[in-house]
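# Descriptive structure summary
Here is what each chain is made of, one letter per residue.
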Amino acid sequence: MSALKFGYGTNGMHSHRLEDALAVLADLGYDGVALTLDHLHLDPYRPNLSSRVAQVRRRLDELGLSVVVETGARYILDPLRKHYPTLLHPGPDAARRVDYLHRAIDVAADLGAEAVSFWSGTLPDGVAEDRAWGRLCDGVWQVLDLATRRGVVCAVEPEPGHFVDTLDAVLELRRRLDDPALLRVTLDIGHVVCNEPRGMAETIRRAGPLLANVQVDDMVEGVHEHLELGTGQVDFAEALGALVEIGYTGLAALELPRQSHAAPVVAERSLAFLRDTLASLPEEVSA
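Description of the structure in this document. Since the structure is predicted, the reported quantities are computational estimates derived from the model, not experimental observations.

## Let's talk about the overall build of the chain
What the chain contains, in helices and strands, is ten helices and ten strands. The globule rule puts the C-alpha radius of gyration for 287 residues at 19 Å, and the 18 Å found for the chain is close to it. Over its C-alpha atoms, taken along the principal directions, the chain stretches across nearly 50 × 45 × 35 Å. Put simply, the chain has 287 residues, and 55% of those count as buried. The long-range fraction of contacts in the chain, counting pairs at least 24 apart against all pairs at least 6 apart in sequence, stands at 77%. With an accessible surface of roughly 12300 Å², the chain has 47% of that area assigned to carbon and sulfur atoms. Distance between charge centroids for the chain: 7 Å, based on 27 positive and 43 negative side chains.

Here's what the structure looks like:
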């Protein structure tokens, strides 16, 4: 039997309270949740964070749900500018992003999360590539300092349109930092079709043991839009087969932020789609 575990992202359940979202996902049969820290779900800037995290930890344990912590909240740091600032901005601004990621690491440690996932951000206007690498490496080192002390895996996601936009760029970041053990990879299955230079199975194999977090959605080549499964160009049999082949045992969580209005229905049919796809794999692959 495959060791793949399926989860669902809370960024696709914006109309649900967190406690309700967790219950819905557990009732549907999900193995875990990708929890985005934002003003809707476990806001890391509200008072009494430690007690709120402890309450969520108890609920996750009661429901038998694994968790990864996602940090893609759109306006968590600036109410006017989406995903601003990033690690690529000047020192004082980047420090705000580092602080957010530090809070995420503390939350992840207290939740017993599998990983904290984050991205580089887009290249700011007027910033040369060499300077961007310097800023990014400096920021990631600061994040890894706390992650090392708390024993938390950090997984960098290559994001279309960002400075680090492909798996190769994540591997370059690791190389520049001397391949830290706790710095690994988040891979969005849809992004592979949208933006990666290699095919699905080859990209997953290239990530290999560095793969710490998987996001699941459909997509078409060259268009960064998260689609429901089966409505784009992703070959999910190839994707799941490759994940099984490399021995991936972490969460593979749906990333469908635009489907919040119909989250329970979408979550139910997405899980059925994934389970049917997994069951259709040749026995030597899925065993």
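## Description of the pattern of salt bridges
Summed over all chains, the structure comprises 18 salt bridges. Between Asp 168 and Arg 206 there is a salt bridge, and its shortest N-O distance comes to 2.8 Å. Highlighted residues: Asp 168 in helix α5 (residues 167-176) and Arg 206 in helix α7 (residues 200-207), separated in sequence by 38 residues. For Asp 168, a relative accessible area of 27% gives the class partly exposed. Across the salt bridge formed by Glu 202 and Arg 198, the nearest N and O atoms sit 3.8 Å from each other. Classification of Glu 202 as partly exposed rests on a relative accessible area of 46%. By sharing partners, the salt bridges in this structure join Asp 168, Arg 198, Glu 202 and Arg 206 into a single network.

## Regarding the nonpolar core
Ranked by internal contacts, the top residues of the largest apolar core, which has 92 residues, are Phe 6, Tyr 8, Leu 42, Leu 111, Leu 136, Val 140 and Leu 173. Here this core takes nine residues from helix α4 (residues 129-150), the largest share from any one element. Excluding residues within four positions of it along the chain, Leu 42 makes contact with Leu 18, Leu 35, Leu 37, Leu 49, Arg 52, Val 53, Val 56, Val 107 and Leu 111.

## Overview of the packing of α7 against helix α8 (residues 236-245)
What describes two packed helices is the angle between their axes and the distance between those same axes. α8 packs onto α7 with a crossing angle of 25° between their chain directions and a minimal axis gap of 9 Å. Judged by the inter-axis angle, α7 sits roughly parallel to α8. When the axes of α7 and α8 are compared, the crossing they make is right-handed. On α8, the residues touching Met 200, Ala 201, Ile 204 and Arg 205 of α7 are Glu 238, Ala 239, Ala 242, Leu 243 and Glu 245. Looking at the contact of α7 with α8, its residues break down into six nonpolar, no polar and three charged.

## Thoughts on the pairing of strand β2 (residues 32-36)
In terms of burial, β2 is a largely internal element, five of the five residues being buried. Pairing geometry for strand β1 (residues 5-9) and β2, over three bridges, is parallel. The partner of Gly 9 across the bridge, within β2, is Ala 34. Following the backbone out of β1, through helix α1 (residues 18-28) and into the adjacent parallel β2, one traces a crossover that is right-handed. Bridge analysis of β2 against strand β3 (residues 66-70) gives five bridges, and the strand direction is parallel. Pairing of Val 33 across the sheet is with Val 67, part of β3. Regarding the hand of the β-α-β motif, the stretch spanning β2, helix α2 (residues 49-63) and β3 is right-handed.

## Re the pairing of β1
A large share of β1 lies buried, amounting to four of its five residues. Sheet analysis places β1 next to strand β10 (residues 251-254), joined by four bridges and oriented parallel. By the bridge assignment, Gly 7 is partnered in β10 with Ala 253.

## A short note on the packing of aromatic side chains
Counted by the stated rule, this structure contains four aromatic pairs. Taking 6.4 Å as the distance between ring centres and 20° as the angle between the ring planes, the aromatic pair formed by Tyr 45 and Tyr 100 counts as stacked. Residue Tyr 45 is found in the loop between β2 and α2, and its partner Tyr 100 is found in helix α3 (residues 91-111); the two are separated by 55 residues along the sequence. Its relative accessible area of 33% is what places Tyr 45 among the partly exposed residues.

## Focus on the sheet that holds β3
Read around the closed barrel, eight strands run β1-β2-β3-β4-β5-β6-β7-β10, paired in parallel fashion. Each strand axis lies, on average, 30° off the axis of its neighbour in the sheet, ignoring direction. The strands that α5 touches are β5 (154-156) and β6 (183-188); relative to β6, the one it contacts most, it runs at about 170°.

## Observations regarding α7
Restricting attention to buried positions, one finds in α7 the residues Met 200, Ala 201, Thr 203, Ile 204 and Ala 207. Buried residues of α7 fall within an arc of 165° about the axis and therefore sit on the same side. Buried residues along α7 sit against α5, β6, α6 (189-195), β7 (211-216) and α8. Among the residues trailing α7, Gly 208 stands out with phi positive, at a value near 50°.

What counts and what doesn't
Residues numbered from 1 in each chain as written. Predicted model: local features only at pLDDT ≥ 70, side-chain atom pairs only at ≥ 80, totals over all residues. Heavy atoms only, no water. Helix = DSSP H or I, 4+ residues; strand = E, 2+ residues; numbered from the N terminus. Rg over C-alpha atoms; globule rule 2.2 N^0.38 Å. Buried < 20%, exposed > 50% of the residue type's maximum accessible area, 1.4 Å probe, protein only. Contact = heavy atoms within 4.5 Å. Areas by Shrake-Rupley, 256 points an atom, 1.4 Å probe, with all protein chains shown as cover. Lys, Arg positive; Asp, Glu negative; His and termini not counted. Charge placed at Lys NZ, Arg CZ, Asp CG, Glu CD. Salt bridge = Lys/Arg side-chain N within 4 Å of Asp/Glu carboxyl O. Core = buried A, V, L, I, M, F, W, Y, C linked by side-chain atoms within 4.5 Å. Axes fitted to C-alpha atoms, helices over the stretch in contact; angles between N-to-C directions. Parallel < 35°, antiparallel > 145°, perpendicular 65-115°, else oblique. Left-handed = near helix turned anticlockwise from the far one by under 90°. Nonpolar A, V, L, I, M, F, W, Y, C, P; charged D, E, K, R; others polar. Pairing = 2+ DSSP bridges. Right-handed = clockwise from strand over helix to strand, strands pointing away. Phe/Tyr/Trp six-rings, centres within 6.5 Å; stacked < 30°, edge-to-face > 60°. Arc of directions from axis to C-beta.

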